[in-house]
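Working through the structure, step by step
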Amino acid sequence: MKAAVVTTFSEPPHYQDHPEPQATGEHELVVDVLAAGLHPRVRMQAEGSHYSSTDELPLVPGIDGVGRGPDGRLWYFLSLGATLGSMAERTLIDTRRSVVLPRHADPVTVAATLNCAIASWLALNRRITFEKGQNVMVIGATGGTGRMAVQVARLFGADQVIAVGRDADRLAAIPGADATALLSDPESIGRAGAEVDVVLDFVWGAPAAAAMTALVTGRTDPTRPLTWVELGSMAGPQAPIPSAALRSSRLQIIGSGQGSLTTADMAAEAPAVAAEIVRGTFAVDATEVALQHVEQIWTRPADSSTRIVFTPGA
């Protein structure tokens with residue numbers, strides 16, 4: 001079969017022959033892959049730069065996708081931790097961490113959206129005890145996953161959702177946001193987030209540290225708990241957290257991702273997220289590309305306004 005194959009972390013995946021997968025375990029199933037999203041996490045996987053990466057090569061990238069089983073059923077599947085990912089004509093799935101989709105589900109929409117939506121869904125539903133009526137700030141809201149986090153927070157019953165990002169025009173176009181603030185303007189973040197209860201942070205780095213300081217100093221009530229959930233590091237893997245921010249407020253910082261969440265956690269929440277996507281609650285702008293063009297697409301600058309979805313059968 002054909003697949004996108006990483007043979008060295010210094011080059012993009014190449015479209016080439018790869019051995020066919022074989023199902024040997026009780027819960028294993030070979031599916032024809034219909035759609036696989038090129039998420040930021042997948043790029044890191046193919047570069048060997050994600051914190052969960054190993055040196056094991058060759059590697060077929062792709063952490064999730066939509067496939068069709070031998071009986072015609074559609075599956076959304078997770079392939080975290082596997083060297084045979086979703087960017088292949090066929091792949092091996094574990095049905096215990098996969099979801100059967102309705103027949104009318106659009107594979108490209110599900111592949112583009114579910115990974116984006118489940119990040120904040122898991123954070124709010126598994127990593128913290130989120131209560132309806134709390135206020136949420138999303139830092140990195142102009143990216144695909146951050147934009148989706150605004151919608152997820154709204155669905156979970158947030159009273160106020162504040163979107164923080166780099167581009168004012170794109171911030172203004174985010175559905176579901178009650179207020180916005182520029183990442184480059186910590187003072188505006190402090191004003192907008194004076195009564196925030198939860199921060200969903202997709203950027204980290206120095207911008208997150210500056211925003212954290214602004215939020216803590218701008219609190220209407222410094223004794224009001226503030227939970228900072230770290231989900232991504234688009235602005236850098238290290239953040240210079242000021243000690244005073246931790247001592248002078250009821251701030252707690254936790255992470256949400258592979259390791260702090262198990263594959264079982266993700267699989268347990270995936271059916272509910274998939275149902276909302278099929279219902280039309282969530283949708284990410286997607287650009288469908290045949291897998292044979294993987295190398296050309298990989299070397300193009302990433303565009304956060306749309307999610308590339310590879311279709312191996314195209």
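Comments concerning the overall build of the protein chain
In terms of regular secondary structure, the protein chain is built from 9 helices and 15 strands. Relative to its length of 314 residues, the protein chain is compact, with a C-alpha radius of gyration of 20 Å against a globular reference of 20 Å. Out of the 314 residues belonging to the protein chain, those deemed buried represent 52%. Residue pairs in contact within the protein chain that sit at least 24 positions apart in sequence constitute 71% of those at least 6 positions apart. Of the roughly 13,600 Å² that the protein chain leaves accessible, carbon and sulfur atoms contribute 49%. Of note, the protein chain has its 24 positive side-chain charges centred 4 Å away from the centre of its 33 negative side-chain charges.

Here's the deal with the nonpolar core
Ranked by size, the top nonpolar core spans 51 residues in total, and within it Y76, L124, V138 and L200 carry the most contacts. Only β5 (74-78), β7 (98-101), α2 (107-127), β8 (136-139), α3 (144-155), β9 (161-165), β11 (198-201) and α8 (263-279) provide two or more residues apiece to this core. With 12 residues, α2 is the single largest residue contributor to this core. In this view, Y76 contacts D64, G65, V66, S98, V99, L101, V110, L114, N115 and A270; residues no more than four positions away in its chain are not counted. Counting residues in each nonpolar core, the second largest holds 22 residues, with M1, L38, V42 and A46 among its members.

As for the packing of α2 against α8
At a closest axis distance of 9 Å, the pairing of α2 and α8 adopts a crossing angle of 120 degrees. Comparing the axis directions of α2 and α8 gives the class oblique. Between α2 and α8 lies a crossing whose hand is right-handed. Residues T109, V110, T113, L114, A117, I118, W121, L122, N125 and R126 of α2 pack against D265, M266, A268, E269, A270, A272, V273, A274, E276 and I277 of α8. Residue composition of the contact of α2 with α8, grouped by class: 13 nonpolar, 3 polar and 4 charged.

Observations concerning unusual backbone geometry
Look at the link from L57 to P58: it is a cis peptide, with omega at 0 degrees. Phi is positive for W204, which is not a glycine, with a value near 55 degrees. Within the fold, W204 resides in the loop between β11 and α6 (205-217).

Some points on the pattern of salt bridges
A full pass over the atoms with the stated rule returns 10 salt bridges. Here R90 ties to E20 by a salt bridge, and the two come within 2.5 Å at their closest N and O atoms. Of this pair, R90 sits in strand β6 (residues 90-94) while E20 sits in the loop between β2 (14-17) and β3 (28-37), and the two are 70 residues apart along the sequence. R90 gets classed as partly exposed once you look at its relative accessible area, which sits at 22%. A relative accessible area of 38% means that E20 is categorised as partly exposed. Two residues, D94 and R96, come together in a salt bridge whose shortest N-O distance is 2.9 Å.

Here's the deal with α6
Helix length check: α6 (13 residues) gives 19 Å between terminal C-alpha atoms against 18 Å at 1.5 Å per residue, within 8%. Every buried residue of α6 is accounted for by G205, A208, A209, A211, M212, A214, L215 and V216. Considering only its buried residues, α6 is in contact with β8, α5 (186-192), β11, β12 (226-230), α7 (243-247) and β13 (251-255).

Parameters at a glance
- Residues numbered from 1 in each chain as written.
- Predicted model: local features only at pLDDT ≥ 70, side-chain atom pairs only at ≥ 80, totals over all residues.
- Heavy atoms only, no water.
- Helix = DSSP H or I, 4+ residues; strand = E, 2+ residues; numbered from the N terminus.
- Rg over C-alpha atoms; globule rule 2.2 N^0.38 Å.
- Buried < 20%, exposed > 50% of the residue type's maximum accessible area, 1.4 Å probe, protein only.
- Contact = heavy atoms within 4.5 Å.
- Areas by Shrake-Rupley, 256 points an atom, 1.4 Å probe, with all protein chains shown as cover.
- Lys, Arg positive; Asp, Glu negative; His and termini not counted.
- Charge placed at Lys NZ, Arg CZ, Asp CG, Glu CD.
- Core = buried A, V, L, I, M, F, W, Y, C linked by side-chain atoms within 4.5 Å.
- Axes fitted to C-alpha atoms, helices over the stretch in contact; angles between N-to-C directions.
- Parallel < 35°, antiparallel > 145°, perpendicular 65-115°, else oblique.
- Left-handed = near helix turned anticlockwise from the far one by under 90°.
- Nonpolar A, V, L, I, M, F, W, Y, C, P; charged D, E, K, R; others polar.
- Salt bridge = Lys/Arg side-chain N within 4 Å of Asp/Glu carboxyl O.
- Expected span 1.5 Å × (residues − 1).

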